[in-house]
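Fold and geometry: a report
Single-letter residue listing:
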Amino acid sequence: MSFDVAHCMLCPRRCGADREKGVGLCHCGTEIRIARAALHPWEEPCISGKHGSGTVFFSGCALGCVFCQNRKISRQAVGKAVTVEQLADVFLELQEQQAHNINLVTGSHYTPWIVQALERAKPKLHIPVVWNCSGYESLEILRMLDGLVDIYLPDLKFYAPETSGAYANCPDYFTVAAKAIPEMFRQVGQLKWNGELLQHGLVVRHLVLPAHRKESMQLLDWLAETLPTDAFLLSLMGQYTPPDTSLPDKHLNRHIATFEYESVREHAVQLGLNGYGQERSSASASYTPDFWTEQ
Ligand code: SF4
């Protein structure tokens with residue numbers, strides 16, 4: 001794919017912005033901005049390990065969910081500007097700090113530059129690269145990443161067009177994600193482990209939303225029908241947090257009920273999916289490992 005920075009069609013928004021003169025719907029121009037780069041111990045156990053995942057949080061976002069908890073980063077693109085060379089150095093510094101992997105969080109709108117940084121760092125980089133994204137990912141972006149990413153960690157957020165239209169202004173969310181996730185699986189294939197740590201494979205995250213447990217189950221049904229259930233992991237999250245300001249959709253102004261989370265979790269068990277759940281009572285939203293396989 002040829003990337004035209006003056007008419008950006010990189011992500012599924014295809015907004016056509018001239019990023020040399022301004023910003024697109026992702027709130028980003030040509031400057032790579034990162035909000036944080038640090039070891040992160042609270043990702044899924046298979047990537048956090050003992051020392052933590054080497055997370056790099058990119059500023060800006062093309063999705064823009066109404067309940068986003070990181071608005072300053074996603075909407076205002078708050079962060080530090082770095083060059084491709086500096087970004088490659090950030091990856092290597094995280095490796096030196098004993099990160100178990102390089103975890104690229106919401107970097108889709110910077111993909112051409114991230115690819116350059118990865119290629120620059122690759123000869124010295126000996127840990128897996130994780131692509132941590134919203135699931136609203138174009139096939140063009142994924143093809144650029146083919147061979148550079150070891151672990152895909154996409155969200156799978158919405159099933160119904162009405163929901164994704166209302167909550168993220170993208171009625172086509174599921175249509176896009178339903179093409180992107182199989183392409184991710186095609187690239188990385190079966191799960192490969194080094195002891196307790198994942199080295200290669202696909203982990204799909206799903207956050208159960210208030211009043212949407214049926215939709216969660218439809219997403220799990222799709223996953224079980226589409227991918228071999230023993231070849232990827234599901235991370236079922238229950239820590240939905242209402243934003244500070246009240247939203248017009250009253251459902252989004254409350255936490256999910258235990259019943260809602262548990263019913264989705266039971267559905268995952270029935271489908272034979274493997275992965276992680278969360279202790280909903282835990283303030284740190286810690287993960288409980290492999291709970292489906294124990295049943
Ligand atoms: S990456 Fe940004 S500028 Fe490019 S199409 Fe997507 S939203 Fe528009």
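Residues numbered from 1 in each chain as written. Predicted model: local features only at pLDDT ≥ 70, side-chain atom pairs only at ≥ 80, totals over all residues. Heavy atoms only, no water.

**What to know about the packing of aromatic side chains**
In total, this model carries ten aromatic pairs according to the counting rule given. Where Phe58 meets Tyr110, the ring centres are 5.7 Å apart and the plane angle is 45°; that geometry is what we call tilted. One end of the pair, Phe58, is in strand E2 (residues 53–58); the other, Tyr110, is in the loop between strand E4 (102–105) and helix H4 (111–121), and 52 residues separate them in sequence. Measuring from centroid to centroid gives 6.4 Å for Phe67 and Phe158, while their planes differ by 65°, and the two rings are edge-to-face. Here Phe67, found in the loop between E2 and helix H2 (71–74), pairs with Phe158, found in the loop between strand E6 (151–154) and helix H6 (161–168); they are 91 residues apart in sequence, far enough to count as distant. Each member of the pair Phe67 and Phe158 is classed as buried. Cluster of aromatic residues (ring-pair linked, three or more members): Phe67, Tyr136, Phe158, Tyr167, Tyr173 and Tyr240. (Phe/Tyr/Trp six-rings, centres within 6.5 Å; stacked < 30°, edge-to-face > 60°. Helix = DSSP H or I, 4+ residues; strand = E, 2+ residues; numbered from the N terminus. Buried < 20%, exposed > 50% of the residue type's maximum accessible area, 1.4 Å probe, protein only.)

**A closer look at the nonpolar core**
If you look at the biggest cluster of nonpolar residues, it comprises 81 residues, and the most contacted ones within it are Leu87, Phe91, Leu104, Leu156 and Leu202. Not counting chain neighbours up to four residues away, the residues in contact with Leu104 comprise Val56, Phe58, Phe91, Ile114, Leu118, Val129, Val130, Trp131 and Asn132. Ile47, Leu153, Leu191 and Leu233 belong to the second-largest nonpolar core, a separate cluster that totals ten residues. (Core = buried A, V, L, I, M, F, W, Y, C linked by side-chain atoms within 4.5 Å. Contact = heavy atoms within 4.5 Å.)

**Focus on the pattern of salt bridges**
Pairs can form between side chains of opposite charge whenever their charged atoms are close. All told, the structure shown has nine salt bridges when counted by the stated rule. Its salt-bridge partner being Arg205, residue Glu43 comes within 2.7 Å of it at the nearest N-O pair. Of this pair, Glu43 sits in the loop between strand E1 (32–40) and helix H1 (45–48) while Arg205 is found in strand E8 (residues 197–207), placing the two residues 162 residues apart along the sequence. Both residues of the pair, Glu43 and Arg205, belong to the buried class. Residue Arg265 is joined to Glu262 by a salt bridge in which the shortest nitrogen-to-oxygen separation is 3.7 Å. Of the two residues, Arg265 and Glu262 both sit in helix H9 (residues 258–271), three residues apart, roughly one turn of that helix. Residue class for Arg265 comes out buried when judged on its relative accessible area of 16%. Residue classification places Glu262 among the partly exposed positions, given a relative accessible area of 28%. Taken together, the shared-partner salt bridges in this structure form one network comprising Glu43, Glu44 and Arg205. (Salt bridge = Lys/Arg side-chain N within 4 Å of Asp/Glu carboxyl O.)

**Describing the site of the ligand**
Every residue close to the ligand is listed here: Cys8, Leu10, Cys11, Arg13, Arg14, Cys15, Arg19, Gly24, Leu25, Cys26 and His109. Residues that form the shell around the ligand fall into these classes: six nonpolar, two polar and three charged. (Near = heavy atom within 4 Å. Nonpolar A, V, L, I, M, F, W, Y, C, P; charged D, E, K, R; others polar.)

**Focus: the pairing of E4**
Residues Ile102 and Leu104 point to one face of E4 and Asn103 and Val105 to the other, with burial holding for every one of them. Bridging between E2 and E4 involves four bridges; their strand directions are parallel. Bridge pairing in E4 places Val56 opposite Leu104. Relative to strand E5 (residues 129–133), E4 is paired through four bridges, and the arrangement is parallel. Pairing of Leu104 across the sheet is with Trp131, part of E5. Assessed by its sense of winding, the connection that carries the chain from E4 through H4 to E5 is right-handed. (Pairing = 2+ DSSP bridges. Right-handed = clockwise from strand over helix to strand, strands pointing away.)

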